[in-house]
Amino acid sequence: MAYKQVSLGAAVAAFTFSLAACGGEAATEGASGAAATGPEPAVIEERQANFKAIGKSFKAIRTQLEGGSPDTAAIASAATDMNAYAMLLDDHFPEGTSVDEGYDTEALAAIWEKPDDFTDAKARLVEASAQMITLAEGGDVAAIGDQVGAVGGSCKNCHDNFRLDTD
Amino acid sequence: MSNPEPAPPTPGSLLSDPAVRVWDLPLRLTHWSFALLVPALWWSAENSEWALHKRFGVALFGLLVFRILWGFLGTRTARFSSFVKGPATIWGYLTGKVAHTIGHNPVGALSVLGLLTVMLVQVGAGLFAGDPYDGATGPLNPLVGVATADTLTQWHEWFYWVVLGFVALHLSAIAFYGIFKQNDLVSAMLSGTKTVKGEVEENDRVMWLRFVLCSGVAVGLALWIANGAPPLS
């Protein structure tokens, strides 16, 4: 019976590890890589809440566009929120709040290593969302739809370069 | 995996081992895979290991499909028809009027159905979860709208506590049987056999062709879902 238990355990373990191995993508180094140097700065939670709010307003815009008759006033309102949140980002990244400091964050050190690129990345979102407000107020649904690509592209650009890839 | 189980004792033979077959090997492998995958899924989500989380989730989906098919085509104790009972039998078991020998008892049957259901709901929501502009998405995320995906993502987050509740109940029941009824359920789920007093009809043997059929369908369906359920024609 002991033999069977061991072999069953081995079979289950082998199955699980083969699952973990079969994808080919290397697991990314998580926030657990380094020990935190001190209590977590409050700004980390603030900026995460702000990004969540940005995501929510972008979802509101896309949800409108999925329906048959998008409410362009609602889109303009969501884009206005998004633009305001985007401008807050300038105050959200003080030095010493990267994932390398061991905090529960996905902010890469590249933010501070390439400050000009990061400034541009933030500006892209501010501009794309401002343009979205203008287009939504104009009421051209096709143009609003195209602008979703520009806004989404600014999200992706920053995630690709400055956010820990956990995907 | 051809036939790892030693030959069982012949009923009635002299010097026979008193242990009888209870759980077939595919059922046990599925069970212990659930036991590993649920914590692994929790861990991968907590640590934002989304690639792993998705892979584990698809694996769990495939195992659930297998377990459900096995509930119709598996050995006797694996089949839903052998253990899912009505309220009268459940009450009879609770009040000690209905005897139980091997396999899931009438109350345990509710636990099986409950656990399978909550895992299926949780995996089902996860398949559609996420936002393509913000990190990982389930393989079926593009099939639903932004708002639906967002709702399902929130479900997927809180429903974990429901899964955890069912797991806690399951573990408590096992502890209860072990401590108060001297009934070691864990060993039987590991070895597949159980020492039972008196004559019992032991579980039948795995029909491996049926196993191939069930696992083939489960793997095929899981891979199809993992690829975003593309049109088959």
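Residues numbered from 1 in each chain as written. Chains lettered and ligands numbered in written order. Predicted model: local features only at pLDDT ≥ 70, side-chain atom pairs only at ≥ 80, totals over all residues.

Caption draft 1: Structural detail: the overall build of chain A. A tally of helices and strands in chain A yields six helices and zero strands. Out of the 167 residues belonging to chain A, those deemed buried represent 26%. If you take every contact in chain A between residues at least 6 apart in sequence, the share linking residues at least 24 apart comes to 70%. (Helix = DSSP H or I, 4+ residues; strand = E, 2+ residues; numbered from the N terminus. Buried ≥ 20, exposed ≤ 12 C-beta atoms within 10 Å, placed from the backbone. Contact = placed C-beta atoms within 7 Å.)

Caption draft 2: Representation of the overall build of chain B. Along its length, chain B carries eight helices and two strands. Secondary structure of chain B in N-to-C order comes out as β-α-α-α-α-α-α-α-β-α. Overall size of chain B, expressed as C-alpha extent along the three principal axes, is 70 × 40 × 30 Å.

Caption draft 3: Highlighting the nonpolar core. Grouped together as the largest cluster of nonpolar side chains are 35 residues, with contacts concentrated most on Leu37, Phe56, Leu60, Phe61 and Leu64 of chain B. Within the residue set of this core, elements represented by two or more residues are α1 (25–46), α2 (50–73), α5 (106–128), α6 (146–180) and α8 (208–226) of chain B. Broken down by element, the residue count for this core peaks at eleven residues, all from α2 of chain B. Listed in part, the 29 residues of the second largest apolar core include Ile54, Val99, Ile111 and Cys155 of chain A. (Core = buried A, V, L, I, M, F, W, Y, C linked by C-beta atoms within 7 Å.)

Caption draft 4: Highlighting α5 of chain B. Residue and element names in this part refer to chain B. A rise of 1.5 Å per residue sets the reference length of α5, with its 23 residues, at 33 Å; its end C-alpha atoms lie 34 Å apart and thus fit the reference within 8%. Taken together, the buried positions of α5 are occupied by Pro106, Leu115, Met119, Gln122, Val123, Ala125, Gly126, Leu127 and Phe128. Looking at the buried positions of α5, the neighbouring elements they touch are α2, α4 (87–94), α6 and α8. Immediately beyond the C-terminal end of α5, within one or two residues, lies Gly130, with a positive phi of roughly 100°. (Expected span 1.5 Å × (residues − 1).)

Caption draft 5: Representation of the confidence of the model for chain B within the structure. Across chain B, the average pLDDT comes to 92, with 93% of residues at or above 70. The complex model carries a pTM of 0.82, and its ipTM stands at 0.71. (pLDDT = per-residue confidence, 0-100.)

Caption draft 6: Expanded view of helix α6 (residues 141–162) of chain A. Residue and element names in this part refer to chain A. Between its first and last C-alpha, α6 extends 32 Å over 22 residues, near the 32 Å set by a 1.5 Å rise per residue. Within α6, the full set of buried residues consists of Ile144, Gln147, Val151, Ser154, Cys155, Cys158 and Phe162. For α6, the buried positions fall inside an angular range of 95° around the axis, keeping them on one side. Turned more than 90 degrees away from the buried face of α6, the exposed residues are Ala142, Asp146, Gly149 and Asp160. For α6, the secondary structure elements touched by its buried residues are α2 (42–66), α3 (72–88), α4 (110–113) and α5 (115–138). (Arc of directions from axis to C-beta.)

Caption draft 7: Just unusual backbone geometry, in detail. Residues and elements named next belong to chain B. In this structure, Ser48 is a non-glycine residue whose phi angle is positive, near 55°. Judged by local crowding, Ser48 falls into the buried class, with 20 C-beta atoms found within 10 Å. With phi around 45°, Gln182 is a residue other than glycine that occupies positive phi space. Mapped onto the fold, Gln182 is located in the loop between α6 and α7 (185–191).

Caption draft 8: Broad picture of the packing of α2 of chain A against α6 of chain B. The N-to-C vectors of α2 of chain A and α6 of chain B enclose an angle of 130°; their axes lie 8 Å apart at closest approach. Classified by the interaxial angle, the pair formed by α2 of chain A and α6 of chain B is oblique. Here Lys59, Arg62, Thr63 and Glu66 of chain A of α2 of chain A lie close against α6 of chain B, whose contacting residues are Val146, Ala147 and Asp150 of chain B. (Axes fitted to C-alpha atoms, helices over the stretch in contact; angles between N-to-C directions. Parallel < 35°, antiparallel > 145°, perpendicular 65-115°, else oblique.)

Caption draft 9: Structural view of the environment of Ala188 of chain B. All names here are of chain B. With respect to the helices and strands, the residue Ala188 is situated in helix α7. On the basis of neighbour counts, which here come to 20 C-beta atoms within 10 Å, the residue Ala188 falls in the buried class. Distance from Ala188 to Ala19, taken between C-alpha atoms, is 9.7 Å for residues 169 residues apart in sequence. Leave out the neighbours within four places in its chain, and Ala188 touches Val22, Trp23, Thr193 and Lys194.

Caption draft 10: Expanded view of the packing of α2 of chain A against α6 of chain A. Residue and element names in this part refer to chain A. Following both chains from N to C, one finds α2 and α6 inclined at 150°, their axes separated by 11 Å at the closest point. By the angle between their axes, α2 is roughly antiparallel relative to α6. Crossing hand, α2 versus α6: left-handed. In this structure, α2 uses Phe58, Ile61, Arg62 and Leu65 to contact α6, whose residues at the interface are Ile144, Gly145, Val148 and Val151. Considered class by class, the residues forming the contact of α2 with α6 number six nonpolar, one polar and one charged. (Left-handed = near helix turned anticlockwise from the far one by under 90°. Nonpolar A, V, L, I, M, F, W, Y, C, P; charged D, E, K, R; others polar.)

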